[in-house]
Amino acid sequence: MKHIFKEGKNKDAPVLLLLHGTGGTEEDLLEVGRMIDDEASILSVRGNVSENGMPRFFRRLAEGVFDEEDLVFRTKELHDFLDDSAEKYEFDRENIVAVGYSNGANIAGSLLFHYKNALKGALLHHPMVPRKGVVLPDLQGKAIFIGAGANDPICPPEETEGLSRLLKEAGADVKVQWEQSGHQLTLEEVQGAAEWYKNYIRKT
Ligand code: MLT
């Protein structure tokens, strides 16, 4: 997969896996990653799917309606890419924390829904429930931050609450931060995510 890897100053810090929104690229979240942890290594990936020229991490049939078969296939593809990247760049495979926005948050959520040890934790900005009706793996010990907009037309509050409940039921430690905003990623949300990361990820 097309990506950027930047080795961080602190080899014990997690590797931040940056996953952009629809129409984005691997450049988009570099600054957000730096704000979350400026000592961490960064693995920023571009989605392999193109929707009218806009990169995405999996296909959709309509706004908010996902192509499940492609979602499962692309989730495995990203999972395998993480395995390969850990070997190639010589980092700890067990120490990856995803930072995803919108479509990128949805593929990160899908990694958590399908694989027990894909991620150590995740910061999900404006995610949806990636797939309904599946049994989640045991997610005990996983720390997950969800940033949501009270007026987000793409991820309405019920979606955020549903995702949070499913992750908690699977054993994850979930924090939801609500902003009085829509679907956009605000500075306040990233600052809140950075604060949460300091308390829940870097301390562990
Ligand atoms: C998705 O397709 O993943 C969500 O609708 C968010 C987005 O617009 O990318």
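Source: prediction; values computed, not measured. (Residues numbered from 1 in each chain as written. Predicted model: local features only at pLDDT ≥ 70, side-chain atom pairs only at ≥ 80, totals over all residues. Heavy atoms only, no water.)

**Topic: unusual backbone geometry**
Selection rule: Secondary structure elements are taken from DSSP: a helix is a run of H or I of four residues or more, a strand is a run of E of two residues or more, and numbering for both begins at the N terminus. Buried residues are those whose accessible area, probed at 1.4 Å on protein chains only, stays under 20% of the maximum for their type, while exposed residues exceed 50% and partly exposed ones sit between those limits.
In the Ramachandran plot, Asn52 falls in the positive-phi region, its phi being about 50° despite a non-glycine side chain. Among the structural elements, Asn52 can be located in the loop between β4 (49–51) and β5 (54–56). Classification of Asn52 as exposed rests on a relative accessible area of 78%. Residue Ser102 is not a glycine yet carries a positive backbone phi of 55°.

**As for the environment of Ile146**
The topology assignment puts Ile146 in strand β10 (residues 143–149). For Ile146, a relative accessible area of 0% puts it in the buried group. Taking the C-alpha atoms as reference points, Ile146 and Glu189, 43 residues apart in sequence, are found 9.5 Å from one another.

**Focus: the site of the ligand**
Note the following rule: Residues are classed as near a molecule or strand on a simple rule: at least one heavy atom within 4 Å of it. Any N or O atom pair separated by 3.5 Å or less is treated as a polar contact, with the protein-specific requirement of one donor-capable and one acceptor-capable atom, and with residues adjacent in sequence counted only for side-chain atom pairs. Using a 1.4 Å probe, the Shrake-Rupley method yields the accessible areas, and only the shown protein chains count as cover for residues.
All residues in the neighbourhood of the ligand are listed as Thr22, Arg56, Phe58, Arg60, Glu63, Gly64, Phe66, Ser102, Asn103, Asn106, Met128 and Ile154. In this structure, an oxygen atom belonging to the ligand sits 2.5 Å away from a side-chain N or O atom of Thr22. Arg60 has a polar side-chain atom sitting 3.3 Å from an oxygen atom of the ligand. When the free accessible area of the ligand is taken as 260 Å², the share hidden by the protein chains comes to 96%.

**What to know about the pattern of salt bridges**
For the record, the criterion: By definition, a salt bridge exists where a carboxyl oxygen of Asp or Glu is found within 4 Å of a side-chain nitrogen of Lys or Arg.
Applying the stated criterion to the full structure yields 17 salt bridges. The partner of Lys76 in a salt bridge is Asp80, with the nearest N and O atoms 2.7 Å apart. You can see Lys76 and its partner Asp80 sitting in helix α2 (residues 68–89), four residues apart, about one turn around the helix. Classification of Asp80 by relative accessible area gives partly exposed; the value is 28%. Glu169 is the partner of Arg165 in a salt bridge, and the nearest nitrogen-oxygen pair spans 3.9 Å. With Arg165 and Glu169 both in helix α4 (residues 157–169), this residue pair falls four residues apart, about one helical turn. Arg165 gets classed as partly exposed once you look at its relative accessible area, which sits at 48%. Residue class for Glu169 comes out exposed when judged on its relative accessible area of 60%. Look at the salt bridges and you will find they share partners, linking Glu51, Arg56, Arg60 and Glu63 into a network.

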